[in-house]
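The primary structure of each chain is shown beneath.
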Amino acid sequence: MEVTVVLFATLMRYHPQGEKNKPITMELPEGATINDLIERLGIGENEAKQAFIRHKSRPFDYKLEEGDRVAIFPPVAGG
Amino acid sequence: MDKIARVNMTERKVTVEPLPEKYKGKGGRWLSSLMVSDEVPAGCHPLGPNNKLVFAPGILTGTRAPNSGRISVGGKSPLTGGIKEANAGTPFSQQLARMGYAALVVEGLVTDDTRWLLKLDINGGELLPAEDLKDKGAYESGNLIWEKYGEKTPFVVNGPAGEAKMAMAGLAFNDPEGRAARYAGRGGLGAVMGSKGLKAIILDDKDAPGVKPHDEEMLRAGQKKVADAILSHDITKKGGGLNSYGTAVLVNILNEAGGFPTNNFRSGVFEGASKISGEALAEAAEKRGGAGTMGHRCHPGCIINCSTVYAKEDGSEHVSSVEYESVWSLGANCGIDNLDHVAELIWLCNDLGIDTIEAGVMLGVAMEAGLAEFGDGPKAIELLKELYKRTPLGHILGQGAQFTGEAYGVTRIPTVKRQGMPAYEPRAVKGIGVTYITSTMGADHTAGYTIAPEILSVGGSSEPLSTKDKIGLSKAFQQTTAFIDAAGYCLFIAFPILDIPSGFDGVVETVNGMLGTNYTGDDVTRIGDEILRLERDFNIRAGIGKEADRPPEFMRYEKLPPHNVVWDISDEELDSFWDK
């Protein structure tokens, strides 16, 4: 299945083509989770804090579906 | 910090008095709110002779405790009609503390159209004519002050909006490089200073005694714990999110969560979000070079450095600082995704001396009223310039979002207690909605930043769309925040200390080391609650009770996309906030 990934802030350096926050298209096996995707991108342990799909924060064992757009964030805060 | 300076604008006299017993051991918001509550008649006109302005450094301000350079400014708000404390990070606060002042009180008012500058020294000081600064922009005023009184002179100035007594005027303190850009912005305290005829305050710290902690060793041990927490937490460490991308690092995550108010709170998602994000700011700083800076600091002793300097295309400085709240209010909330237009709007706000949040919420309402199209940056710039001209339109807009909406018959006015809502959609993030609605300050995110657990997974985790336990969550945050505001710490220390227990211990230890108290973690909540209740009491006396703890009506019946949710916490639940 195909999913789209967007990386933010300090995670942008893991963009395979080095294009920072440009969406990444990835082909993953059926049943793949957010964890699998994080691993595939080589994002270090504990560097990814949250992943949003359809405007909700999802646990990293969330099973991805065809066409999902996944937004991945490191720890961020502000005000 | 054992004395109070008073400047009486009616008599044009400056006096110094010892700090009364009652006020000892208090600082920041604790002291400013207490003094306003004690000395300002709750029913007074905010721009009349009986209102006062109280400037109070935090308990720890002036020490080496990290990120403790905040100043609290209190008074009765011309925007909300209730009590107000607005705070800012600035070297001014540290100098005021080192000069031995727990508070500076401005009272009375001049009865003619003159302008005055207070030059405060350790013995009091004097009021000097300031006709040369009359109606000058805040930036120019700050520059003229440094030219005349020397570089590094700490100052606070009022912009032309404050001089014109507009209810969204804030007060501009100097940053380390002398920009009049660190704002105690919210609630119209600039209009209060304008009503008094006071244009600026500068500090002469000759022979300043410095700050003397009760127990230097304990203070040092505590400050190390706080610093270690800040420097080890992913959010606040060097190269972390705040330091690398500024506060606007929040833009994308709030947008992904569907809680980023767009086009005057019509939607929780903004298509152009990435163009006004912290990532876009960092990219501009890198590409344009020159003055563009990430990791700028608002006061010495800050070890987070989340401030920014934004450069024009040619690399010359455009404005500092470009914050999350400002790119949201003047950007997404107005449908504007051009960062250069947003930067110009921020510059204008800073120069006029107005709160960027209120200005953006007002512009969103003005767009709703048809004064400009959503997304039209140049027209928004034109509208703000009406404030300089003091046209009737300028005076309407200058009164803020609520007044502007009322003037044009708008029903979608996102305010609580007449103060514009900040950059988080309460329908999509319920806990922050409880804070907006119950805060003694009017809609204010800093009063109880439940965004930390609701969106950022900091200090635990709480489902943003759920209404469950949100009263208690907001209350706990509001209490702790009031204590942090009293201590003089920057609110951003909350991120590391919520996750790292030793950091929290360090906060309590620093205060104990400073004061010789034996406060525990429980006292943080107790003192915070005491502060909230004394503010609440003032508001009730001013006629702002539970009837004002309500959301704007449209949020109850208009479904907010993309979650298609309304405000659904009942009035009874909201009222339970104040149950003991």
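In this text, all values refer to a predicted model and were calculated from it rather than measured experimentally.

A. Representation of the sheet that holds strand 1 (residues 3–8) of chain B in the model. Residues and elements named next belong to chain B. Strand order in this open sheet of six strands is 2-1-6-3-4-5, and the pairing throughout is mixed. Looking along the sheet, the strands with just one partner apiece sit at the ends: strand 2 (13–18) and strand 5 (83–89). Geometrically, the sheet is characterised by an average inter-axis angle of 20 degrees between neighbouring strands, direction not taken into account. As defined by bridge partners, strand 1 adjoins strand 2 across six bridges and the pair is classed as antiparallel. Across the sheet, the residue bridging to Lys-3 is Pro-18, located in strand 2.

B. Representation of unusual backbone geometry within the structure. All names here are of chain B. Going from Ser-320 to Ser-321, the amide bond is cis rather than trans, its omega being 0 degrees. As for its placement among the helices and strands, Ser-321 is situated in the loop between strand 15 (317–319) and helix 10 (324–329). In this structure, the amide linkage connecting Pro-561 to the following residue, Pro-562, adopts the cis form with an omega of 5 degrees. Position of Pro-562 among the secondary structure elements: in the loop between helix 22 (554–557) and helix 23 (571–575).

C. Highlighting the sheet that holds strand 1 (residues 2–7) of chain A. Residues and elements named next belong to chain A. The strand order across the open sheet built from five strands is 2-1-5-3-4, with neighbouring strands paired in mixed fashion. Either end of the sheet is taken by a strand with one partner, and the two such strands are strand 2 (24–27) and strand 4 (56–58). Here the average twist between neighbouring strands, direction ignored, is 35 degrees. Looking at chain direction, strand 1 and strand 2 are connected through four bridges and run antiparallel. Across the sheet, Glu-2 pairs through a bridge with Glu-27, a residue of strand 2.

D. Representation of the packing of aromatic side chains in the model. All names here are of chain B. All chains considered together, the criterion is met by twelve aromatic pairs over all chains. Ring geometry for Phe-265 against Trp-328: centres 5.7 Å apart, planes inclined by 85 degrees, an arrangement best described as edge-to-face. On the criterion of sequence distance, the pair formed by Phe-265 in the loop between helix 8 (250–256) and helix 9 (278–288) and Trp-328 in helix 10 is long-range, its members being 63 residues apart. In this structure an aromatic cluster arises from ring pairing among Phe-260, Tyr-324, Tyr-424, Tyr-449, Phe-492 and Phe-495. Over the face of the ring belonging to Tyr-101 we find Lys-3, whose NZ or CZ atom lies 4.7 Å from the ring centre. When the ring centre of Phe-577 is taken as reference, the NZ or CZ atom of Lys-475 above it lies at 5.9 Å.

E. Region of interest: helix 11 (residues 339–352) of chain B. Residues and elements named next belong to chain B. Along its 14 residues, helix 11 runs 20 Å from first to last C-alpha, staying within 8% of the 20 Å computed at 1.5 Å per residue. Across the 14 residues that make up helix 11, a large majority, ten, are buried. All of the buried residues along helix 11 are Leu-339, Val-342, Ala-343, Leu-345, Ile-346, Leu-348, Cys-349, Asn-350, Asp-351 and Leu-352. Between a side-chain oxygen at the N-terminus of helix 11 and the backbone nitrogen of Asp-340 the separation is 2.8 Å; the capping residue is Asn-338. Positive backbone phi, at 85 degrees, marks Gly-353, one or two positions downstream of helix 11.

F. Seen up close, a negative patch on the surface. All names here are of chain A. Together, Glu-2, Glu-27, Glu-30 and Glu-66 line one region of the surface with negative charge. Along the polypeptide, Glu-2 turns up in strand 1. On the accessibility criterion, Glu-2 (41% relative accessible area) is partly exposed.

G. Quick look at the domain arrangement of chain B. All names here are of chain B. The domain boundaries assigned to chain B delineate domain 1 (3–203), domain 2 (245–425) and domain 3 (426–499 + 518–580). Here domain 1 and domain 2 have C-alpha centroids that lie 25 Å from each other. Between domain 1 and domain 2 lies a buried interface of about 3000 Å² when both sides are counted; carbon and sulfur atoms form 51% of it. On the domain 1 side of the interface with domain 2, the three residues burying the most area are Tyr-139, Met-168 and Arg-186, jointly 27% of the side's total. On the surface where domain 1 and domain 2 come into contact, there are five salt bridges. Two residues, Glu-358 and Arg-186, come together in a salt bridge whose shortest N-O distance is 3.5 Å. In this structure, the connection of domain 1 to domain 2 is made through 23 residue pairs in polar contact (both at pLDDT 80 or more). Put simply, the parts of the chain that give the side of domain 1 that touches domain 2 at least two residues each are strand 5, helix 2 (91–98), helix 3 (138–149), helix 4 (160–163) and strand 11 (180–184).

H. Structural context of the interface of chain B and chain A. The partner chain A presents 18 residues to the 30 residues of chain B that form the contact. Between chain B and chain A the total buried area reaches about 2200 Å² when both faces are included, carbon and sulfur atoms providing 62% of it. If you sort the residues of chain B by the area they bury against chain A, Ile-253, Glu-256 and Glu-279 of chain B come out on top, with a joint share of 28%. Linking chain B to chain A there are one salt bridge. Linking chain B with chain A are nine residue pairs in polar contact (both at pLDDT 80 or more).

I. Structural detail: the side chain of Ser-37 of chain B. Residue and element names in this part refer to chain B. On the secondary structure map, Ser-37 appears in helix 1 (residues 28–39). Here the side chain of Ser-37 touches Arg-541 through a polar contact of 3.1 Å, side chain to side chain. With near-sequence residues (within four places) excluded, Ser-37 lies in contact with Leu-534, Phe-538 and Arg-541.

J. Spotlight on the environment of Leu-363 of chain B. All names here are of chain B. With respect to the secondary-structure elements, Leu-363 resides in helix 12 (residues 356–368). A sequence separation of 38 residues divides Leu-363 from Ala-401, and the C-alpha atoms of the two residues are 7.4 Å apart. Contact partners of Leu-363, with chain neighbours within four places excluded, come to Leu-330, Cys-334, Leu-345, Ala-380, Leu-383 and Leu-384.

K. Inspection of the state of the cysteines at higher detail. Tallying each qualifying case throughout the model produces zero disulfides over all chains. In this model Cys-490 of chain B remains outside any disulfide bridge; the closest cysteine sulfur is found in Cys-306 of chain B, 6.3 Å from its own.

L. Broad picture of the packing of helix 1 of chain B against helix 21 (residues 521–541) of chain B. Residues and elements named next belong to chain B. For the pair helix 1 and helix 21, the least separation of the axes is 10 Å and the interaxial angle reads 30 degrees. Considering the angle they form, helix 1 stands roughly parallel to helix 21. Note on packing geometry: the crossing formed by helix 1 with helix 21 is left-handed. Only Ile-527, Glu-530, Ile-531, Leu-532, Leu-534, Glu-535, Phe-538 and Arg-541 of helix 21 make contact with helix 1, whose side of the interface consists of Arg-29, Trp-30, Ser-33, Leu-34, Val-36 and Ser-37.

M. Main features of the environment of Lys-224 of chain B. Relative to the elements of secondary structure, Lys-224 of chain B occurs in helix 6 (residues 216–232). For the pair Lys-224 of chain B and Tyr-101 of chain B, spaced 123 residues apart in sequence, the C-alpha separation works out to 26 Å.

N. Representation of the pairing of strand 7 (residues 116–121) of chain B in the model. All names here are of chain B. Here strand 7 runs beside strand 8 (residues 124–129); their pairing, made up of six bridges, is antiparallel. Bridge pairing links Leu-120 to Gly-125 in strand 8. Once strand 7 ends, the chain turns through two residues before running back antiparallel as strand 8. Where strand 7 meets strand 12 (residues 198–203), five bridges bridge the pair, whose relative direction is parallel. Counterpart to Leu-117 in the pairing with strand 12 is Ala-200.

Cut-offs and rules
Residues numbered from 1 in each chain as written. Chains lettered and ligands numbered in written order. Predicted model: local features only at pLDDT ≥ 70, side-chain atom pairs only at ≥ 80, totals over all residues. Heavy atoms only, no water. Pairing = 2+ DSSP bridges. Helix = DSSP H or I, 4+ residues; strand = E, 2+ residues; numbered from the N terminus. Axes fitted to C-alpha atoms, helices over the stretch in contact; angles between N-to-C directions. Phe/Tyr/Trp six-rings, centres within 6.5 Å; stacked < 30°, edge-to-face > 60°. Lys NZ or Arg CZ within 6 Å of the ring centre and 35° of its normal. Expected span 1.5 Å × (residues − 1). Buried < 20%, exposed > 50% of the residue type's maximum accessible area, 1.4 Å probe, protein only. Polar contact = N/O pair within 3.5 Å; in protein donor to acceptor, adjacent residues only side chain to side chain. Patch = residues over 30% accessible without salt bridge, like charges linked within 9 Å, V, L, I, M, F, W, Y side chains within 5 Å. Areas by Shrake-Rupley, 256 points an atom, 1.4 Å probe, with all protein chains shown as cover. Salt bridge = Lys/Arg side-chain N within 4 Å of Asp/Glu carboxyl O. Lys, Arg positive; Asp, Glu negative; His and termini not counted. Charge placed at Lys NZ, Arg CZ, Asp CG, Glu CD. Domains from an automatic or database assignment. Buried area = accessible area lost by both parts, 1.4 Å probe. Contact = heavy atoms within 4.5 Å. Disulfide = S-S within 2.5 Å. Parallel < 35°, antiparallel > 145°, perpendicular 65-115°, else oblique. Left-handed = near helix turned anticlockwise from the far one by under 90°.

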